[in-house]
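# Chains, contacts and geometry: an overview
Chain by chain, the residues run as shown.
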Amino acid sequence: MRPELPGAAAAELFDRQIWWIAAAFCGVVGLGLIAFARPLLKALGAVILVLPHIIGAPQPDSHVGLAPAQLEEAYAYAAIITNGVFWIFLGG
């Protein structure tokens, strides 16, 4: 999923908040099972951990924005590269 340009149309706030809370909860439960459970439950923990990301975050019905497509593409590349550099330095 590409980063969205600020001001672009997005899904309903309540739906996005519910998805985020569910993703955080599944992350805690999944990591807890992976770290502290028996081997069979560790596999269940891995499934729970990735489940919200497989389902995906809510998306708007239509992608409408005021910015031209070239600006959206440039923003997406800049955001992805900046995040990549950040994580490389953080991991280093």
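My aim in this report is to walk through the structure given alongside it, one point at a time. This structure is a prediction, so every number in the text was calculated from the model and none was measured.

## Side note on the packing of aromatic side chains
Going through the model one piece at a time under the given rule, you end up with one aromatic pair. With centroids separated by 5.1 Å and ring planes inclined at 75°, the aromatic side chains of F86 and W87 adopt a geometry described as edge-to-face. Judged by its relative accessible area of 45%, F86 falls in the partly exposed class.

## So, a nonpolar patch on the surface
Taken together, the side chains of Y77, I81, V85 and F89 present a nonpolar region at the surface, about 470 Å² in accessible area. Inspection of the secondary structure puts V85 in helix α3 (residues 69-91). We classify V85 as partly exposed; its relative accessible area is 38%.

## Structural notes on the environment of E12
For E12, the location among the structural elements is in the segment before α1 (13-36). Judged by relative accessible area, which is 57%, E12 ranks as exposed. Sequence separation of E12 and A74 is 62 residues, and the distance between their C-alpha atoms is 25 Å.

## Examining helix α2 (residues 39-55)
Taking 1.5 Å per residue as the helical rise, α2 with its 17 residues ought to reach 24 Å, and the 25 Å between its terminal C-alpha atoms agrees with that figure. L49 marks the point of greatest bend in α2, at about 30°, and the proline P52 comes within the next four residues. Among the residues making up α2, those that are buried are G45, I48 and P52. For α2, the elements touching its buried residues are α1. Count one or two residues on from α2 and you reach G56, which has phi positive near 90°.

## A closer look at the packing of α1 against α2
For the pair α1 and α2, interaxial distance at closest approach is 7 Å and the crossing angle is 160°. Here α1 is positioned roughly antiparallel relative to α2, judged by the angle of their axes. Crossing handedness for the pair α1 and α2: left-handed. In contact with W19, A22, A23, C26, G27, V29, G30, L31, L33, I34 and A35 of α1, α2 contributes L41, K42, G45, A46, I48, L49, P52 and H53. Among the residues forming the contact of α1 with α2, the class breakdown is 14 nonpolar, four polar and one charged.

Reading guide: rules and limits
Residues numbered from 1 in each chain as written. Predicted model: local features only at pLDDT ≥ 70, side-chain atom pairs only at ≥ 80, totals over all residues. Heavy atoms only, no water. Phe/Tyr/Trp six-rings, centres within 6.5 Å; stacked < 30°, edge-to-face > 60°. Buried < 20%, exposed > 50% of the residue type's maximum accessible area, 1.4 Å probe, protein only. Patch = residues over 30% accessible without salt bridge, like charges linked within 9 Å, V, L, I, M, F, W, Y side chains within 5 Å. Areas by Shrake-Rupley, 256 points an atom, 1.4 Å probe, with all protein chains shown as cover. Salt bridge = Lys/Arg side-chain N within 4 Å of Asp/Glu carboxyl O. Helix = DSSP H or I, 4+ residues; strand = E, 2+ residues; numbered from the N terminus. Expected span 1.5 Å × (residues − 1). Bend = angle between axes of the 7 residues up to and from the residue. Contact = heavy atoms within 4.5 Å. Axes fitted to C-alpha atoms, helices over the stretch in contact; angles between N-to-C directions. Parallel < 35°, antiparallel > 145°, perpendicular 65-115°, else oblique. Left-handed = near helix turned anticlockwise from the far one by under 90°. Nonpolar A, V, L, I, M, F, W, Y, C, P; charged D, E, K, R; others polar.

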